[in-house]
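Examining the three-dimensional arrangement
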Amino acid sequence: MKKILLVQLLFISTFFLPSLTFAAENLESLLIKKFEEKQYSKSGADTCLTCHKKDEKVSSFLNSAHGVSNQKGPMAGLQCETCHGPQGKHRGKNEPMITFGEQGNIDINKQNGICLSCHKNEMQSDWHNAAHQQQACSSCHNIHAEVDPILANAVSQNKVCADCHQAESHQTLMRSSHPLTNGQMTCTACHGAHGTINDVDLIKNNINQTCYTCHADKRGPLLWEHAPVVDDCTHCHNAHGSVNDNLLKTRAPLLCQQCHNGNPHAAVDQGIAGTNVFNSSGSCLNCHNQIHGSNHPSGNKLLK
């Protein structure tokens, strides 16, 4: 009986006490200390694979951009330990390694700092100003995947964005929307996911300049300009989707009357012999069809 109890105590001390110790310690301090001690494995990834080779994430990683041995990737340097830190006394789970993601064992800023230690280029230059800065890089990127969903194709990239941006994703399913769901366009066509110096991480200085990257025909200067159009496209359009044609926030004439409500011509129904041009065909656009602006000498009312 005593021998059985002794074996049980040895089992508990071997497998459970180390984890209890780490729970009581400052885990980040321990991991930082491991970096300072620089006790890297002599065999690199081969050492890791003795335990982790059956993990699907690890097997797919070896075929990923990070897993390919080249002059730039982690596998050309310290391999797995480039990101997860020195092995130290990890073997047998005696010491932790760095883990990533929202449930990672170090602060998100430190996680991202590891990624940014290699990914230093123009794309990440405004990361300090990014809306995503408080998220872990691994919240969007799957670095162990053979093909990162963000980089695979437009459809998979948009699905990753939709995981968090659900309201905008639902708008793209409305009857009028930008072609995001079918992969003809990506969210990053308008937004810089790694940050920009502009509002809502727009790729250009403002809303209109961003829209003009595709809708160049609406760009001025024009002889006769429509003030709200020049100011901000989103005065009239919902960029992610709408139940109305052409991404309009409200159908005409109701949309037009939000501004043009102070004169009888715009504020009341027009027509003769029982007709109502406000509610037929293009409504206000039956006459004012150059609503984005006109270069015609007689187009001061946006008629031509």
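Residues numbered from 1 in each chain as written. Predicted model: local features only at pLDDT ≥ 70, side-chain atom pairs only at ≥ 80, totals over all residues. Heavy atoms only, no water.

Further remarks concern the overall build of the protein. Counting secondary structure elements, the protein contains 14 helices and zero strands. Moving toward the C terminus, one meets the helices and strands of the protein in the order α-α-α-α-α-α-α-α-α-α-α-α-α-α. Approximately 20,000 Å² of the protein is accessible, and the part contributed by carbon and sulfur atoms is 57%. (Helix = DSSP H or I, 4+ residues; strand = E, 2+ residues; numbered from the N terminus. Areas by Shrake-Rupley, 256 points an atom, 1.4 Å probe, with all protein chains shown as cover.)

Turning to the state of the cysteines, a few remarks are in order. Evaluated as defined, the whole model comprises zero disulfides. Here C214 is not cross-linked by a disulfide; its sulfur's nearest cysteine counterpart is in C190, at 6.6 Å. For C214, a relative accessible area of 59% translates into the label exposed. (Disulfide = S-S within 2.5 Å. Buried < 20%, exposed > 50% of the residue type's maximum accessible area, 1.4 Å probe, protein only.)

A separate point is the UniProt feature "domain: Doubled CXXCH motif" (unreviewed entry) in the protein. Under the UniProt annotation, the feature "domain: Doubled CXXCH motif" (unreviewed entry) is placed at residues 179-219 and 226-262. Annotated as residues 226-262, this span is 24% helix and 0% strand, and its ends, taken at the C-alpha atoms, are 17 Å apart. (UniProt positions renumbered as here; feature names shortened; annotations may be inferred.)

Here we take up the pattern of salt bridges. Taken as a whole and assessed by the stated rule, the structure comprises three salt bridges. For K34, the salt bridge is made with E95, and the minimal N-O distance between the two is 3.8 Å. Taken together, the residues span a long stretch of sequence, with K34 in helix α3 (residues 27-37) and E95 in the loop between α6 (80-84) and α7 (108-116) at a distance of 61 residues. Classification of K34 as buried rests on a relative accessible area of 4%. (Salt bridge = Lys/Arg side-chain N within 4 Å of Asp/Glu carboxyl O.)

This brings us to unusual backbone geometry. Looking along the chain, the bond that leaves G220 and enters P221 is cis, with omega of 0 degrees. Within the element layout of this structure, P221 appears in the loop between α11 (207-212) and α12 (227-231). In this model, A252 is joined to P253 through a cis peptide bond whose omega is 5 degrees. Within the secondary structure, P253 is located in the loop between α12 and α13 (254-257). For V200, which is not glycine, the phi torsion reads 40 degrees and is therefore positive. As for its placement among the helices and strands, V200 is situated in the loop between α10 (166-171) and α11.

Along the chain, S294 turns up in the segment after α14 (264-267). Here S294 falls in the buried class, since its relative accessible area comes to 2%. Polar side-chain contacts of S294 include one of 3.0 Å to the backbone nitrogen of H296. Beyond its immediate chain neighbours, meaning those up to four positions away, S294 contacts L222, L223, W224, G299, L302 and K304. (Polar contact = N/O pair within 3.5 Å; in protein donor to acceptor, adjacent residues only side chain to side chain. Contact = heavy atoms within 4.5 Å.)

With that settled, consider the layout of surface pockets. Roughly 950 Å³ of internal volume is contained in the second largest pocket. Taken together, 36 residues make up the lining of the second largest pocket; nearest its centre are H52, V58, H84, I98 and H144. Among the elements that make up the lining of the second largest pocket, the one with the highest residue count is helix α4 (residues 45-52) (seven residues). When grouped by side-chain class, the residues that make up the lining of the second largest pocket number 16 nonpolar, 15 polar and five charged. (1 Å grid on protein atoms, 1.4 Å probe; cavity = no way out; pocket = protein on both sides within 12 Å on 5 of 7 lines; lining within 4 Å. Points joined across faces, edges and corners; volume = space filled by probe spheres on them. Nonpolar A, V, L, I, M, F, W, Y, C, P; charged D, E, K, R; others polar.)

Before going further, it helps to examine the environment of K57. Assignment of secondary structure puts K57 in helix α5 (residues 56-61). When its relative accessible area of 58% is taken as the criterion, K57 is described as exposed. Residues K57 and E146 lie 89 residues apart in sequence; the distance between their C-alpha atoms is 8.9 Å.

Taken residue by residue, helix α9 (residues 154-164) has A154, S156, Q157, N158, V160 and A162 as its buried positions. The inward-facing, buried residues of α9 abut α8 (149-152) and α10. Here α9 starts with a cap whose side-chain oxygen sits 3.2 Å from the backbone nitrogen of V155, and that cap is N153.

So, on to the confidence of the model for the protein. Predicted confidence across the protein gives a mean pLDDT of 84, with 88% of residues reaching 70 or more. Helix α1 (residues 2-15) is the least confidently modelled element of the protein, averaging 40 in pLDDT, while α11 averages 96, the highest of any element. This model gives residues 1-21 a pLDDT under 50, and the stretch forms four contacts once residues within four places in sequence are excluded. (pLDDT = per-residue confidence, 0-100.)

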